[in-house]
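Letter by letter, the chains look like this.
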Amino acid sequence: MTEQNDTPAAPKKSGRRQFLRGAGIAAGAAAATVAMPNVSRAQTVTLKYQSTWPTKDIFHEMATDFATRVNELSGGRLKLDVLAAGSVVPAFGMQDAVHSGVLDAGHGVSAYWYGKHKAFSLFGTVPPFGWDANGVLAWMNYGGGYTLYNELMHSVLKLNLVGFMSGPMPAQPLGWFKKEIKTADDLKNIKYRTVGLSADLFKEMGAAVTIVAGGEIVPAMDRGLLDGAEFNNPSSDRLLGFPDVSKVYMLQSYHQAAEMFEILFNKTKYDSLPTEQKQILKYAAEASSSDMSWKALDRYSKDLAEMQSKDKVRVFRTPRAVQEAQLKAWDVVLKAQNEETFFAKVIKSQLDWVRRTVRYELLNNPSKEMAYNHFFNRKG
């Protein structure tokens, strides 16, 4: 027997009355949403954050730019207390300090940790396979680079760190010298400053390599402890005082043809942050990456022109024969380092990425030099 429902059916309301009632409910809900926004309840956190750069270097300015973005994106609930190199630890001690918790965060380049594992240089001063730094960042994000980077930090070296890459840098100058470099033999036996795998490269080319932090280079050149040196770019080089100790500036080199910044966080501290603050750090690094490349193009070009006109610096292109010698030296360096399993694993990933992506760029992109020469009446 079928059970009967004794509850009478509700009478149907008119369509107009039902619409108005529904609209009123929706409007009330919208008003409530406006009146009570979803405001973050995260507690304010301040992180002790040291760069590996002297205060006057444009790189320290760029480290500060990142901190400014974090502060603004978080509405002041996540702050980075910005310190220059040496404020807590020396530049080359920054990674250890962040790992141990002496610092909460740091700003530098991964090549500085080359002494712990040479593969660190592959996430900063990469081999010159034909790519630029923006291509390296693309590999980090879409070609498996971050997976390998985290494997190096967490599985291979057991470091209590989280890192983000940011800021694609243009190719670095060969550097500052007492006289113009005309042949590869001119690099033999000179006392030369560089870092990362570039140190192995110049040793292969016969130079006597010294590794010192940025703020120590110019004093060493002034005292005759160095015959030549590279740091990074015209703005940094000018601010650090290179034109005071040398007037010969060699541009175009394959020793560090692509590099980017590394922003490190103590992993224990990072893991304790709310998800929204972790996301702010990630997206601030990405936003700073774009702004840094724009600022660099503006400032580097101005400083190069002013060094030539005001500081009387003589600028030369590194001869093709020297660049070819660098590439041959890279062959030797990579063959030797590929004996180490993890290093070889990273190199294979990079070569696979470059083979496809740079092939596309070479097929697709027209010559900058041809167009520039045409519109500015410059002889090729």
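Note: the structure precedes this text.
Residues numbered from 1 in each chain as written. Predicted model: local features only at pLDDT ≥ 70, side-chain atom pairs only at ≥ 80, totals over all residues. Heavy atoms only, no water.

**Overview of the overall build of the protein chain**
Thinking step 1. Across its full length, the protein chain carries 13 helices and 11 strands.
Thinking step 2. For the protein chain, the residues scored as buried account for 47% of the 380 residues in total.
Thinking step 3. Within the protein chain, residue pairs in contact and separated by at least 24 positions form 77% of the contacts whose partners lie at least 6 positions apart.
Thinking step 4. For the protein chain, the accessible surface area stands at approximately 19800 Å², while carbon and sulfur atoms represent 54% of it. (Helix = DSSP H or I, 4+ residues; strand = E, 2+ residues; numbered from the N terminus. Buried < 20%, exposed > 50% of the residue type's maximum accessible area, 1.4 Å probe, protein only. Contact = heavy atoms within 4.5 Å. Areas by Shrake-Rupley, 256 points an atom, 1.4 Å probe, with all protein chains shown as cover.)

**Some thoughts on the sheet that holds strand E3 (residues 105-108)**
Thinking step 1. What the 5 strands build is an open sheet, ordered E2-E1-E3-E10-E4; its pairing is mixed. Each end of this open sheet is capped by a strand with a single partner; those strands are strand E2 (78-83) and strand E4 (161-169). Neighbour-to-neighbour, the strand axes of this sheet turn through a mean angle of 25°, independent of strand direction.
Thinking step 2. Relative to strand E10 (residues 259-266), E4 runs antiparallel, the two sharing 8 bridges. (Pairing = 2+ DSSP bridges. Axes fitted to C-alpha atoms, helices over the stretch in contact; angles between N-to-C directions.)

**Some words on the sheet that holds strand E5 (residues 175-177)**
Thinking step 1. Across the sheet, 6 strands lie side by side as E7-E6-E8-E5-E9-E11; this open sheet has mixed pairing. Edge positions in the open sheet fall to strand E7 (208-210) and strand E11 (314-317), since each of these has one partner strand only.
Thinking step 2. Relative to strand E9 (residues 248-251), E5 runs antiparallel, the two sharing 3 bridges. Within E9, the position partnered with Gly-175 by the bridge is Met-250.
Thinking step 3. Relative to the sheet, helix H10 (residues 275-309) contacts E5, E9 and E11, its axis offset from that of E9 by approximately 145°.

**So, the pattern of salt bridges**
Thinking step 1. Applying the stated criterion to the full structure yields 21 salt bridges.
Thinking step 2. Close ionic contact of Arg-320 with Glu-324 constitutes a salt bridge, the shortest N to O distance being 3.1 Å. With a gap of 4 residues between them, Arg-320 and Glu-324 both fall in helix H11 (residues 320-337), about one helical turn apart.
Thinking step 3. Overall, Arg-320 belongs to the exposed group, its relative accessible area being 66%.
Thinking step 4. Lys-348 is the salt-bridge partner of Asp-352, the closest N and O atoms lying 2.9 Å from each other. (Salt bridge = Lys/Arg side-chain N within 4 Å of Asp/Glu carboxyl O.)

**Details of the packing of aromatic side chains**
Thinking step 1. Summed over all chains, the structure comprises 22 aromatic pairs.
Thinking step 2. Judged by centre distance (5.6 Å) and plane angle (20°), the ring pair of Trp-176 and Phe-242 falls under stacked. Of the two residues, Trp-176 is situated in strand E5 and Phe-242 in the loop between helix H8 (234-240) and E9; the sequence distance between them amounts to 66 residues.
Thinking step 3. For Trp-176, a relative accessible area of 0% puts it in the buried group.
Thinking step 4. Given the relative accessible area of 0%, Phe-242 is considered buried. (Phe/Tyr/Trp six-rings, centres within 6.5 Å; stacked < 30°, edge-to-face > 60°.)

**Overview of the layout of surface pockets**
Thinking step 1. Its boundaries defined by the atoms lining it, the largest pocket holds a volume of some 2000 Å³.
Thinking step 2. The wall of the largest pocket is formed by 39 residues, among which Asp-132, Pro-170, Ala-171, Gln-252 and Lys-368 lie closest to the centre.
Thinking step 3. Those elements that provide at least two residues to the lining of the largest pocket are helix H4 (133-142), E4, H10, E11, helix H12 (341-364) and helix H13 (368-375).
Thinking step 4. Sort the elements by how many residues they give to the lining of the largest pocket and H10 lands first, with 6 residues.
Thinking step 5. Split by residue class, the lining of the largest pocket holds 21 nonpolar, 13 polar and 5 charged.
Thinking step 6. Computed from the structure, the second largest pocket encloses a volume of approximately 230 Å³.
Thinking step 7. Leu-137, Ala-138, Asn-141, Tyr-142, Tyr-146, Phe-164, Met-165, Lys-282, Ala-285, Glu-286 and Ser-289 are the residues that line the second largest pocket.
Thinking step 8. Every element with two or more residues in the lining of the second largest pocket is listed here: H4, E4 and H10.
Thinking step 9. Residue composition of the lining of the second largest pocket, grouped by class: 7 nonpolar, 2 polar and 2 charged. (1 Å grid on protein atoms, 1.4 Å probe; cavity = no way out; pocket = protein on both sides within 12 Å on 5 of 7 lines; lining within 4 Å. Points joined across faces, edges and corners; volume = space filled by probe spheres on them. Nonpolar A, V, L, I, M, F, W, Y, C, P; charged D, E, K, R; others polar.)

**Examining the pairing of E10**
Thinking step 1. The buried fraction of E10 is high, at 8 of 8 residues.
Thinking step 2. Relative to E10, E3 runs antiparallel, the two being bridged by 4 bridges. Note on E10: the bridge partner recorded for Ala-105 is Phe-265.

**Quick look at the nonpolar core**
Nonpolar side chains in soluble globular proteins tend to be buried together.
Thinking step 1. With 106 residues, the main nonpolar core has Phe-59, Phe-66, Phe-123, Trp-139, Phe-242, Phe-265 and Leu-281 as its most contacted residues.
Thinking step 2. Element by element, the count of residues in this core is highest for H10, at 9 residues.
Thinking step 3. Once residues within four sequence positions are removed from consideration, Leu-281 is found in contact with Phe-66, Val-70, Leu-78, Phe-164, Phe-265, Tyr-270 and Leu-273. (Core = buried A, V, L, I, M, F, W, Y, C linked by side-chain atoms within 4.5 Å.)

**Regarding H11**
Structural remark: α-helix, 3.6 residues per turn; residues separated by three or four positions point the same way.
Thinking step 1. Helix length check: H11, at 18 residues, gives a terminal C-alpha distance of 26 Å against a target of 26 Å (1.5 Å per residue), a fit within 8%.
Thinking step 2. Among the residues making up H11, those that are buried are Val-322, Gln-323, Gln-326, Ala-329, Trp-330, Val-333, Leu-334 and Gln-337. The buried residues of H11 all sit within an arc of 140° when viewed along its axis, so they share a single face. Turned more than 90 degrees off the buried face of H11, the exposed positions are Arg-320, Lys-328, Asp-331 and Lys-335.
Thinking step 3. As for H11, its buried residues are in contact with helix H6 (197-204) and H12. (Expected span 1.5 Å × (residues − 1). Arc of directions from axis to C-beta.)

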